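# Coordinates in review
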Protein chains: 2
Amino acid sequence: MESNLYLALVHYPVINKEGRVIASSITNLDLHDIARICRTYGIRRYFVVQPLRDQRKLIEELLEYWQNGYGRVYNPDRREALKLLRVVPSLSVAIEEAGKGERPLLIATEARLGMANLSFQEGRELVNSGRSVLLLFGTAWGLAPKLLRECDYILEPIKGRVDEYNHLSVRSAAAIIVDRLLGEPWWQRI
Amino acid sequence: MESNLYLALVHYPVINKEGRVIASSITNLDLHDIARICRTYGIRRYFVVQPLRDQRKLIEELLEYWQNGYGRVYNPDRREALKLLRVVPSLSVAIEEAGKGERPLLIATEARLGMANLSFQEGRELVNSGRSVLLLFGTAWGLAPKLLRECDYILEPIKGRVDEYNHLSVRSAAAIIVDRLLGEPWWQRI
């Protein structure tokens, strides 16, 4: 069953280590790993938001290789996953496509404590309600505060088991969060 | 709370696309991403099993950079995570260290259907029972059949939501599986 969930990996506006708003560079494995997560969990589209033209061109070349070049033959599973990826210059383009006429719900993810207004259970209900939802992940040190304020919800962070340490890569966070929102309810099985 | 769970990322013996047993090469982000998962979830040690000496040397250099070089200053969170990483030439070294005298339980992960004898719920109970458990992940096309037969358990695969497609990267699979085994029971909260 496909969901009405869309995912966006945001390279702008995000913050750097010092908290300044920047446009970050792409990481090759962000493209592959998150596309494969999206395909596995039935996410409708994977938007990579990248305002820098040269960076977008790089991604297009990579997609070309996996979709029409040797990569297609070498590993068709990669191709299948990367079909979901769309490179867009700004988040507004992703919002427009995800909403199909109306604005989708925007759910931001954020590793810091104290900003969340949506639990994983509530998120799971929203995502399974049929409404169009766009789930945002920030690269670098996370989504810019201004963007967080524009979102309808901020999802609670993944808690560490030992202490406050929860420094996961965006790839790992996306895997865990998508599994919690869309994965089978494995804890209910006998 | 730390667990008695140890994790091993296996580069030998694994299989290639054609099903032949090979030693695979390291992927830089496997080291970082999985170390950060281990630190976040309180896993005791992250073994990287790599029989090729040159490859082990490469990893040692990378660890040196993050632990004593500029990386230490630039990003102490990385250092904190990579402290858990041990490069070992064979799985038997990892088994010995994880067991502290007795053999730890070996749980293999495997994406293909039909081989599992351990559900996620059962795995969660085992991991929280206090027994030493070594959780194995295969690189390339997965753990070699011979190694699978030597394990006490094979954990059930992560199911795709749409169809049979479940081609996650080993990084994503590790994130999701560790979260299911050790993560907080977010589904029980009110």
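Look up: the structure comes first, before these words.
## Regarding the sheet that holds strand β1 (residues 5-10) of chain B
Residues and elements named next belong to chain B. Strand order in this open sheet of 6 strands is β5-β4-β1-β7-β6-β8, and the pairing throughout is parallel. Every other strand in the sheet has two partners, leaving β5 (85-88) and β8 (153-155) as the edge strands with one partner each. The average angle at which neighbouring strand axes cross in this sheet is 25°, direction not considered. Both β1 and strand β7 (residues 133-138) contribute to a ladder of 6 bridges, which runs parallel. Directly across from Tyr-6, in β7, lies its bridge partner Leu-134. Strand contacts of helix α1 (residues 28-40): β1, β4 (45-49) and β5, with the helix running at about 155° to β4, the strand carrying the most contacts.

## Structural notes on the interface of chain B and chain A
Taken together, the contacts link 49 residues of chain B with 49 residues of chain A. When chain B packs against chain A, close to 4800 Å² is buried across both sides, 50% of that on carbon and sulfur atoms. Of all residues in chain B, B:Arg161, B:Tyr165 and B:Trp186 give up the largest surface area on contact with chain A, accounting jointly for 19% of the area buried on that side. Along the contact surface separating chain B from chain A lie 11 salt bridges. Residues A:Glu184 and B:Lys159 are paired through a salt bridge, measuring 3.8 Å at the closest nitrogen-oxygen approach. Elements that contribute at least two residues to the side of chain B that touches chain A include exactly α1, α3 (70-74), α4 (76-82), α6 (120-127) and α8 (170-182) of chain B. In terms of residue count, α8(B) provides more of the side of chain B that touches chain A than any other element does, 7 residues in total.

Cut-off values and rules
- Residues numbered from 1 in each chain as written.
- Chains lettered and ligands numbered in written order.
- Predicted model: local features only at pLDDT ≥ 70, side-chain atom pairs only at ≥ 80, totals over all residues.
- Heavy atoms only, no water.
- Pairing = 2+ DSSP bridges.
- Helix = DSSP H or I, 4+ residues; strand = E, 2+ residues; numbered from the N terminus.
- Axes fitted to C-alpha atoms, helices over the stretch in contact; angles between N-to-C directions.
- Contact = heavy atoms within 4.5 Å.
- Buried area = accessible area lost by both parts, 1.4 Å probe.
- Salt bridge = Lys/Arg side-chain N within 4 Å of Asp/Glu carboxyl O.

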